[in-house]
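Survey of secondary and tertiary structure
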Amino acid sequence: MAISVFDLFSIGIGPSSSHTVGPMRAAKRFLQEVGKEKIENAVRVKVDLYGSLALTGKGHATDLAVMLGLQGETPEDVDPNSVQEKIHKIRETKKIHLMHQKWIDFHEENDLLFHYDKQLPYHPNGMRFTLYNHDENELVQKVFYSVGGGFIVDLHDAKDDVHLGDNSHGLLYPFKNAAQLLANGKLYNKTIQEMMFENELRWRSADEIKKQLLKIWHVMEQSIERGCSQDGILPGGLNVKRRAAPILRSLREREKLGLFLPTDIFEWVSLWALAVNEENAAAGRIVTAPTNGSSGVIPAVIKYYRTFVEGANDEGVMTILLVAGAMGILYKEGASISAAEMGCMGEVGVACSMAAAGLTAVMGGTNEQMANAAEIGMEHNLGLTCDPIKGLVQIPCIERNTMGAIKAINASLLALRGDGMHKVSLDQVIETMRQTGNDMKSIYKETSQGGLAVNVPEC
């Protein structure tokens, strides 16, 4: 199974791709796979959450996501404004409507369990789903893993370390590392964006690719706009104030007065990243890019392009997304985009790298310069920990996206000043990232057991 750009950029809801989007998809897939007959014979469903899913699941709304998934909801289609009402009904009636086919009793305290001291083999984000009949006999049991960015794999693929399968199958320009991608570009005299577009033709027509890419950008832009219009306190108990709206008002006031500071461009970029991640923290509609926790970086960089680069257009937006997607595939193949495996360098670090390459492409950079920009973007995020306070995607996650966006622009500028030849290759930095993630203590990998999560009071 090859990886599409639209696997990396998928429309969903906050606050987490690995802890919200993935579990929702896994719950629905479980029931789809067991089939209608077993659902009709079921009187109980039990869900066991392990590792990072248990340790930070409450803060990431994993419990809500699982319940919604069991009812047949998807991250792409569920109305964020309806979530609380749907969950309230389940909790009030103590019943759940499996795939909208059968009502059964559902008691969270017994049927949705967080195993804080246990972890399944193969990946930190493990979950087990079990259906029982009226005699309390097990009908079927399945294990899934949420491996980052909303991707899920079953136990079989996890054992084989498949994750997303063979990236070469059926593609015109197959690649599993940056060296192969750059070699294809030289062999066929193609840019990375051209090769990615032609690879996408495996799944959909040219018109559909363009339409979907622009839809992705439209949702990203809507996230920026909504985030910039909302005041108040983010949910979860940390009492974090939304800042995007007041910052926007301040910048608008400066504009009215005709004031412009050299730092204003970076303030705008930071604002746009902030807005998206505040929406994500509030469980709003966002695009995984490549994860929810890093969902503000690429939209902010695209908005920078559309606002400040002369001649910016929709073609350029599509170029950024295609090239960024290529970089995301490299990280997915060579390391991971799961914070539970890599820390935040697997989320904001990867998003920074992706955005840097995409911006370099649209600014006229060569394939080698794109790879150089991606390498710079990651090199200076190596070792970045994931230590969210109270398990919420708020501190330090929201501000961290502003840093990732600014770094991406800087990485692109540096790469465009060079010739694409550099001491550290993109493949080498991806391998370094993988090794660093493996060596990093688990307390710094989305468990909220180290770093800021234990050194800063929760209230």
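Summarised in this report is the structure supplied together with it. Quick caveat, the model's predicted, so the values are computed rather than measured. (Residues numbered from 1 in each chain as written. Predicted model: local features only at pLDDT ≥ 70, side-chain atom pairs only at ≥ 80, totals over all residues. Heavy atoms only, no water.)

Concerning the overall build of the protein chain
A count of helices and strands for the protein chain gives 20 helices and nine strands. Considering only intrachain contacts with a sequence separation of at least 6, the fraction spanning at least 24 residues in the protein chain is 76%. Accessible area of the protein chain: about 18700 Å², with a carbon and sulfur share of 50%. The positive charge centre, built from 46 side chains, and the negative charge centre, built from 56, are 2 Å apart in the protein chain. (Helix = DSSP H or I, 4+ residues; strand = E, 2+ residues; numbered from the N terminus. Contact = heavy atoms within 4.5 Å. Areas by Shrake-Rupley, 256 points an atom, 1.4 Å probe, with all protein chains shown as cover. Lys, Arg positive; Asp, Glu negative; His and termini not counted. Charge placed at Lys NZ, Arg CZ, Asp CG, Glu CD.)

Quick look at the packing of helix 16 (residues 348-362) against helix 17 (residues 367-379)
One way to put it is that helix 16 packs onto helix 17 with a least axis distance of 7 Å and a crossing angle of 155°. Taken together, helix 16 and helix 17 sit at an angle that is classed as roughly antiparallel. The way helix 16 lies across helix 17 gives a crossing that is right-handed. Contacts from Gly349, Val350, Cys352, Ser353, Ala356, Ala357, Thr360 and Ala361 of helix 16 reach helix 17 at Gln369, Met370, Ala373, Ala374, Glu375, Gly377 and Met378. A class-by-class count of the residues in the contact of helix 16 with helix 17 yields nine nonpolar, five polar and one charged. (Axes fitted to C-alpha atoms, helices over the stretch in contact; angles between N-to-C directions. Parallel < 35°, antiparallel > 145°, perpendicular 65-115°, else oblique. Left-handed = near helix turned anticlockwise from the far one by under 90°. Nonpolar A, V, L, I, M, F, W, Y, C, P; charged D, E, K, R; others polar.)

Here's the deal with the layout of surface pockets
Empty pockets left among the atoms are what a rolling probe the size of a water molecule brings to light. Size it by volume and the largest pocket reaches roughly 730 Å³. When residues of the lining of the largest pocket are traced back to their parent elements, those giving at least two are helix 2 (17-41), helix 4 (62-70), helix 5 (83-93), helix 10 (206-227) and helix 12 (264-281). (1 Å grid on protein atoms, 1.4 Å probe; cavity = no way out; pocket = protein on both sides within 12 Å on 5 of 7 lines; lining within 4 Å. Points joined across faces, edges and corners; volume = space filled by probe spheres on them.)

Examining the sheet that holds strand 7 (residues 138-148)
Overall, mixed pairing links the five strands, which are arranged 5-2-6-7-8 in an open sheet. The outermost strands of the open sheet, each flanked by one partner alone, are strand 5 (112-115) and strand 8 (151-154). Neighbour-to-neighbour, the strand axes of this sheet turn through a mean angle of 25°, independent of strand direction. Here strand 7 runs beside strand 8; their pairing, made up of four bridges, is antiparallel. Counterpart to Gly148 in the pairing with strand 8 is Phe151. With respect to the sheet, helix 4 is in contact with strand 2 (44-50), strand 5 and strand 6 (126-132), its orientation differing from that of strand 2 by roughly 145°. (Pairing = 2+ DSSP bridges.)

What about the packing of aromatic side chains?
What the rule picks out here adds up to eight aromatic pairs. Ring centres of Trp268 and Trp272 lie 5.8 Å apart, and the angle between their planes is 35°; this geometry places the pair in the tilted category. A residue pair is termed a helical-turn pair when its members lie 3 or 4 positions apart in one helix, as Trp268 and Trp272 do in helix 12 at four residues. Of the two residues, Trp268 and Trp272, both sit in the buried class. Since its relative accessible area comes to 5%, Trp272 is described here as buried. (Phe/Tyr/Trp six-rings, centres within 6.5 Å; stacked < 30°, edge-to-face > 60°. Buried < 20%, exposed > 50% of the residue type's maximum accessible area, 1.4 Å probe, protein only.)

Looking at unusual backbone geometry
Omega for the bond connecting Gly14 with Pro15 falls within 30 degrees of zero, at 10°, which places this linkage in the cis form. Positionally, Pro15 belongs in the loop between strand 1 (11-13) and helix 2. Omega for the peptide link from Ala289 to Pro290 comes to -5°, which places this bond in the cis form. At Asn239, a position not held by glycine, the phi torsion is positive, near 60°. With respect to the helices, strands and loops of the structure, Asn239 is situated in the loop between helix 10 and helix 11 (244-256). Non-glycine residue Lys390 carries a positive phi angle of around 60°.

Observations concerning helix 4
Buried residues dominate helix 4, accounting for nine of its nine residues. By the burial criterion, the buried members of helix 4 are Thr62, Asp63, Leu64, Ala65, Val66, Met67, Leu68, Gly69 and Leu70. Positioned one or two residues after helix 4, Gly72 has a phi angle of 95°, which is positive.

With respect to helix 17
For helix 17, with 13 residues, the first-to-last C-alpha span of 18 Å sits near the 18 Å given by 1.5 Å per residue. With 11 of 13 residues buried, helix 17 is to be regarded as a mostly interior element. Taken together, the buried positions of helix 17 are occupied by Asn367, Gln369, Met370, Ala371, Asn372, Ala373, Ala374, Glu375, Ile376, Gly377 and Met378. Buried residues belonging to helix 17 abut helix 8 (178-188), helix 9 (192-200), helix 14 (314-334), helix 16, helix 18 (397-417) and helix 19 (426-439). (Expected span 1.5 Å × (residues − 1).)

By themselves, these are just geometric observations and shouldn't be taken as functional.
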